[in-house]
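# Remarks on the overall topology
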Amino acid sequence: MTGHRDARSELPSVDRVLQASQDLVSRWGHQAASDAIRKHLRRIREDITAGKTPDWSIPAVHAAVNAALSASDTNGLRPVINLSGVVIHTNLGRACLPAGAAEAASQAAMLPNNLEFDLETGQRGNRDNHIESLICELTGSEAATVVNNNAAAVVLALSTLAKGREVPVSRGELVEIGGSFRVPEVMESSGCTLVEVGATNRTHLKDYRSAVSAQTALLMKVHTSNYRLEGFTQSVDEKTLAELAHEHKLPCMVDLGSGCLIDFADLGLPGEPKASDYIANGIDLITFSGDKLLGGPQCGIIAGKKSLLDRICKNPLKRALRVDSMILAALSEVLKLYRHPETLTQTLPTLRQLTRPASDIEEQAVRLCSELANHLPQAYRSATAPCYSQIGSGALPVETIPSFAIAIESAEDRDSDLRRLATELRKLPRPVIGRIHDGRLLLDLRCLDCESLFLEQLPLLENALAC
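No experiment lies behind these values; they were computed from the predicted model shown. (Residues numbered from 1 in each chain as written. Predicted model: local features only at pLDDT ≥ 70, side-chain atom pairs only at ≥ 80, totals over all residues. Heavy atoms only, no water.)

Next up on the list: the sheet that holds strand S8 (residues 252-257). Taken in spatial order, the 5 strands of this open sheet run S2-S10-S9-S8-S7, and their pairing is mixed. Of all strands in the sheet, those bounded by a partner on one side alone are strand S2 (143-147) and strand S7 (219-222). Averaged over all pairs of adjacent strands, the angle between their axes in this sheet comes to 15°, without regard to strand direction. For strand S9 (residues 285-289) and strand S10 (residues 300-304), the ladder comprises 5 bridges, and the chain directions are antiparallel. Looking across to S10, one finds that Phe288 is bridged to Ile301. Across the sheet, helix H8 (residues 150-161) touches S2, S7, S8, S9 and S10, and the angle it forms with S9 is around 155°. Sheet strands touched by helix H11 (residues 238-247): S7 and S8. Its angle to S7, the strand with the most contacts, is close to 165°. (Pairing = 2+ DSSP bridges. Helix = DSSP H or I, 4+ residues; strand = E, 2+ residues; numbered from the N terminus. Axes fitted to C-alpha atoms, helices over the stretch in contact; angles between N-to-C directions. Contact = heavy atoms within 4.5 Å.)

Okay, here's the thing in structure tokens:
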């Protein structure tokens, strides 16, 4: 114990390390550097007490503190290379913005703008004015507004139109969305009462009709974008449901989830109802996301009858859920691209990735596979392999798109080898995200649009795996 005390007494003071570490002070600030030094010295004392012999020289302490501060600085949002096989990946930021939209958001962030200022009159303006006409043009609606996501759009609409009243919804549409949020819970938070109608697999018009009462605020349909029932099923289409609602002088609302503004079938993709189809079929109010199939920034869009939007926009909750100038600027630029649907697969990253021919991806896989193999130890085998990409983010859940991947196997058939490789790929300066499936690490190349950067990092991967 005495030896431990003597060793601890020889440790340099925080001030001594600070005096020799002015580079850390300049980079991180005096407080952060001193706190990190103090923390590291405390850890050294604990190691000595435990019978260990750590290096407590000032150069060693400096190096350890510099490494710790550098590591802490990497926390936060970082760009990654998405080779997961999921195009619109919720955990990886969903849709990537086109350059024009990103530039518009950047300008809105860096410079004063007319977010709520009418340049013509010189008076206070309405931030929805920057986006409403575009949404109406593309959906056929009378009015529109934007909030921070689609769940917020649903809550705001129901809070305004149905608080304290009843809203019938088919049991087959009471889905759970990302992050374990469930439609019934979202509805409950808005203050309305959910009335479940029909059965999980079959709901008829008579079920809605029997649920309508003096307490009914509106009829609601939820697009089950993150799952699909097949087999012995029955549902009521939106046009028929709208007719029933209007028969009882009630509005009819549809939560579209992902939302879609163009005919996906024309692009060779699985079909998805368009937002404008719902408006054309008599739906009074629709809500949908801006950052999924639409390919824009995260937001929720509410569109429909002006009389309903006027009420929604007067709800005090609207202020809490509104979006800033960066979101409005980016969304506006993305929506403008939809005026030219014939070029969307070139101008909108999401649609470009979704429609990328499998033959192009195969050529890239062949080109990169041998390069990657040259940087992998003998413990790994790699080959090109056909695979299927998912659209992602609850959009078209059972539909997949043919793609190609670099498939990596462990020569010893060890899952730990694959996990280690996946970990080292995530540690690269631009982390690479793949997926382990059926005993292989798959790098689906559908979304790889930075091939040169991927190749530049391979020597770093080789060095890491050699350790």
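This paragraph deals with H8. An ideal rise of 1.5 Å per residue puts 16 Å on 12 residues; H8 measures up with 16 Å between its terminal C-alpha atoms. Of all 12 residues making up H8, 11 are buried, and the element is well covered by its neighbours. Looking at H8, one finds that the buried residues are Asn150, Ala152, Ala153, Val154, Val155, Leu156, Ala157, Leu158, Ser159, Thr160 and Leu161. For H8, the side-chain oxygen to backbone nitrogen distance between the N-cap and Ala151 is 3.2 Å, and the N-cap itself is Asn149. (Expected span 1.5 Å × (residues − 1). Buried < 20%, exposed > 50% of the residue type's maximum accessible area, 1.4 Å probe, protein only. Polar contact = N/O pair within 3.5 Å; in protein donor to acceptor, adjacent residues only side chain to side chain.)

With that out of the way, let us pick up the UniProt feature "modified residue: N6-(pyridoxal phosphate)lysine" (unreviewed entry) in the protein. In this structure's numbering, the residues bearing the UniProt feature "modified residue: N6-(pyridoxal phosphate)lysine" (unreviewed entry) are Lys292. When its relative accessible area of 13% is taken as the criterion, Lys292 is described as buried. (UniProt positions renumbered as here; feature names shortened; annotations may be inferred.)

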